Number of protein chains: 2
Amino acid sequence: MENTNHPEYEQPAITIDLVIFTVNDDELKVLLIKRAQEPFAGAWSIPGGFLKLAESLDDAAIRVMKDKTGVKEVYLEQLYTFGMPNRDPRTRVITVTYFALIPWQNLRQPESNQVTDLAWHRVDQLPAQLAFDHREILDYAINRLRAKASYSNIVYGLLPLRFRLSDLQKIYESIIDKELDKRNFRKRMLATGLLEETGKKELKGAHRPAMLYRFKKREFVVLD
Amino acid sequence: MENTNHPEYEQPAITIDLVIFTVNDDELKVLLIKRAQEPFAGAWSIPGGFLKLAESLDDAAIRVMKDKTGVKEVYLEQLYTFGMPNRDPRTRVITVTYFALIPWQNLRQPESNQVTDLAWHRVDQLPAQLAFDHREILDYAINRLRAKASYSNIVYGLLPLRFRLSDLQKIYESIIDKELDKRNFRKRMLATGLLEETGKKELKGAHRPAMLYRFKKREFVVLD
DNA sequence: CCAAAAGTGTTAGTGGTACACCCATGT
DNA sequence: ACATGGGTGTACCACTAACACTTTTGG
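Being a predicted model, the structure only gives us computed values, none of them experimental.

Attention now moves to the domain arrangement of chain A. Residues and elements named next belong to chain A. One can read the domain layout of chain A as domain 1 (13-149) and domain 2 (161-215). The C-alpha centroid of domain 2 is placed 28 Å from the C-alpha centroid of domain 1. Residue-level contacts link 7 residues of domain 1 with 7 residues of domain 2. Summing the contributions of domain 1 and of domain 2, the shared interface buries around 630 Å²; its carbon and sulfur component is 66%. The largest contributions to the domain 1 side of the interface with domain 2 come from D26, R146 and A149, which together make up 61% of the buried area.

With that out of the way, let us pick up the pattern of salt bridges. In the structure shown here, the tally under the stated rule is 20 salt bridges over all chains. A:E77 is the salt-bridge partner of A:R144, the closest N and O atoms lying 2.6 Å from each other. Note that A:R144 is positioned in helix 2 (residues 134-151) and A:E77 in strand 5 (residues 75-82), a separation of 67 residues in sequence. The exposure class assigned to A:E77 is buried, which follows from its relative accessible area of 10%. For B:D139, the salt bridge identified is with B:R135, shortest N-O distance 3.4 Å. Highlighted residues: B:D139 and B:R135, both in helix 2 (residues 134-151), separated by 4 residues, approximately one helical turn. B:R135 sits in the partly exposed class, given a relative accessible area of 37%. Overlapping salt bridges, with partners in common, bring together A:E27, A:R122 and A:D124 in one network.

Before going further, it helps to examine the protein's contact with DNA strand D. In the vicinity of DNA strand D, 23 residues are found, and the nearest of them are A:R208, B:K182, B:A206, B:H207 and B:M211. B:R186 is positioned with one of its side-chain polar atoms (N or O) 2.9 Å from a phosphate oxygen of DNA strand D. Take B:K187: an N or O atom from its side chain is 2.8 Å from a base oxygen of DNA strand D. Listed by contribution, the elements that provide at least two residues to the surface near DNA strand D are helix 4 (182-191) of chain A together with helix 4 (182-191) and strand 10 (210-215) of chain B. When residues in the surface near DNA strand D are grouped by element, the largest group, 5 residues, is from helix 4 of chain B.

Turning to a nonpolar patch on the surface, a few remarks are in order. A grouping of A:Y151, A:F220 and A:V222 is seen on the molecular surface, where their side chains present a nonpolar patch of about 250 Å² in accessible area. As for its position among the elements, A:V222 is in the segment after strand 10 (210-215).

Here the focus is the protein's contact with DNA strand C. With respect to spatial proximity, 22 residues lie near DNA strand C, and among them A:S166, A:K182, A:H207, A:M211 and B:N184 are the closest. Sugar plus phosphate, as a fraction of atoms of DNA strand C within 4 Å of the protein: 42%. Interatomic distance of 3.3 Å between a side-chain N/O atom of B:R183 and a base nitrogen of DNA strand C. Breaking the surface near DNA strand C down by element, the ones donating at least two residues are helix 4 and strand 10 of chain A together with helix 4 of chain B. It is helix 4 of chain A that contributes the most residues to the surface near DNA strand C, 4 residues altogether. Residues that form the surface near DNA strand C fall into these classes: 6 nonpolar, 5 polar and 11 charged.

Here the focus is the relation of the copies chain A and chain B. Note on the copies: chain A fits chain B at an RMSD of 0.0 Å, the axial shift is 0.0 Å, and the rotation between them is 180°. Each copy turns onto its partner about a two-fold axis. The residues that chain A uses at the interface reappear at the interface of chain B in 100% of cases, marking a shared surface.

Reading the values: rules and limits
- Within any chain, residue numbers begin from 1 and follow the written order of that chain's sequence.
- Here every chain gets a letter starting at A, and every ligand a number starting at 1, in the order they are written.
- Per-residue local features are limited, in this predicted model, to residues with pLDDT of at least 70; the limit for side-chain atom pairs, both in listing and counting, is 80 or more; totals at the level of whole chains, interfaces and linings are taken over all residues.
- Water and hydrogen atoms play no part in the side-chain values, which are based on all heavy atoms of the structure.
- For every domain, the bounds stem from an assignment made automatically or drawn from a database.
- We call two residues in contact when some of their heavy atoms are within 4.5 Å.
- The term buried area means the drop in 1.4 Å probe accessible area that two parts suffer when joined, counted for both and summed.
- Salt bridges are defined as contacts in which a side-chain nitrogen from Lys or Arg sits within 4 Å of a carboxyl oxygen from Asp or Glu.
- A run of H or I in DSSP becomes a helix once it reaches four residues, and a run of E becomes a strand once it reaches two; helices and strands are each numbered from the N terminus.
- Note on exposure labels: buried denotes an accessible area under 20% of the residue type's maximum, exposed denotes more than 50%, and partly exposed covers the range between, all computed with a 1.4 Å probe on protein chains only.
- Nearness is judged by heavy atoms alone; a residue qualifies as near a molecule or strand once a single heavy atom is within 4 Å of it.
- N or O atoms within 3.5 Å of each other form a polar contact, as long as, within protein, one can give a hydrogen and the other can take it, and as long as residues adjacent in sequence are counted only when both atoms are side-chain atoms.
- Candidates for patches are residues over 30% relative accessible area with no salt bridge; among them, like charges are joined within 9 Å and nonpolar side chains (Val, Leu, Ile, Met, Phe, Trp, Tyr) within 5 Å.
- Only the protein chains shown count as covering a residue, and every accessible area follows the Shrake-Rupley method with a 1.4 Å probe.
- Each residue is assigned to one class: nonpolar for Ala, Val, Leu, Ile, Met, Phe, Trp, Tyr, Cys and Pro, charged for Asp, Glu, Lys and Arg, and polar for all the others, Gly among them.
- Least squares is used to superpose the copies, and the fit set is the C-alpha atoms of residues whose pLDDT is at least 70 in both copies.

Structure follows, in structure tokens:
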């Protein structure tokens, strides 16, 4: 923390990479992008970009999010900084990683016949080879998400404003990849005091309509 | 993550800064260093240094640790990366921070009359002004340590190889800044199965000698 | 009337918390 | 003998986990 501009300390490049999660079709998914150029041309990677000189790390992450998904208001959290000297074969690159949560409903779906290099992949069916150390980054992010789901209300980032308790339960189940008891789950969720009722609605037709709930506050809270 | 060497993306400097904890005299303390040069000349700061081009982030942290404390084998964990554009008034500096735990007994104590710019400060009696955003970094580190102490065996990093259960309890108490019930504490600790007995020893004279324990494994474990 | 998801309580076990006295030693 | 920390058990409470049937709707 002494001198900058010191010749001995030539500087690495800094990128921001994002692990963007959503839940759709009862499966936890991440957004991957197919690389066009070498190195790792054709391989899937997590979205990222270079840090601009005047922007904060968080702002860079928000910028990348918006570029790739069109969504700006999401749960976003710094994950870890990866900096093995050889993680990029070209030159030294330090990447500050983030993870983000987006409700599936908030995503503008891509035009049907549009060719795109972006795709959502189930976390339990990832491509065998990912670019750079992105597999390691993804594993780290999945572990963080699972841990936080168990002791916080972080899943609000994956849910629309109003939702059924069964939707909430399915989100939890897809994250931790385990089935939960319906009665105990509802009891526990309502006991947190973080939810409130709204009006009813019938969805998916032929059955008793479900009460829709919302989070009183859409912000991170640690439970207990 | 596309082109490097792109003119638009001039690179910030990268430093590694460390929050180094120990417990001494039943108080949680951090190592601070008094800055000799501007900016913030005379202010206390956490130890750090520039990342070298060929070394990993972890290696840089270990290097700084060894330089400042002489100790190499410690608990070390990446904390967070701070990168507000104006956090260093001179130029853009991104700092990857770590926190470290050292048993007080492992430190080679400085020669008594040696003038030094290094000093251990109680975390509840920090200087009002710290250099850069180091206050924010310290607060972040303290919170992380408190959280991890409550759900892991991380305190092994603050203890010598052999210790009394009352030492262990005092470490916990100084971290979370709360008193604990002796019987419940012992029950819980022994129930983890992470400790084992060694031989007896009498310390601090006039009372019944205490059994010394050790951690079966000196590695991070999440409890329950 | 049938299918499909919504909604609802009780019990047994487990883990956390509160709490007070005797023990082994040095001086 | 006294001062000092070492060491020990029990009872209550709260939370967790297991478990099955009725309700409301659409077709």
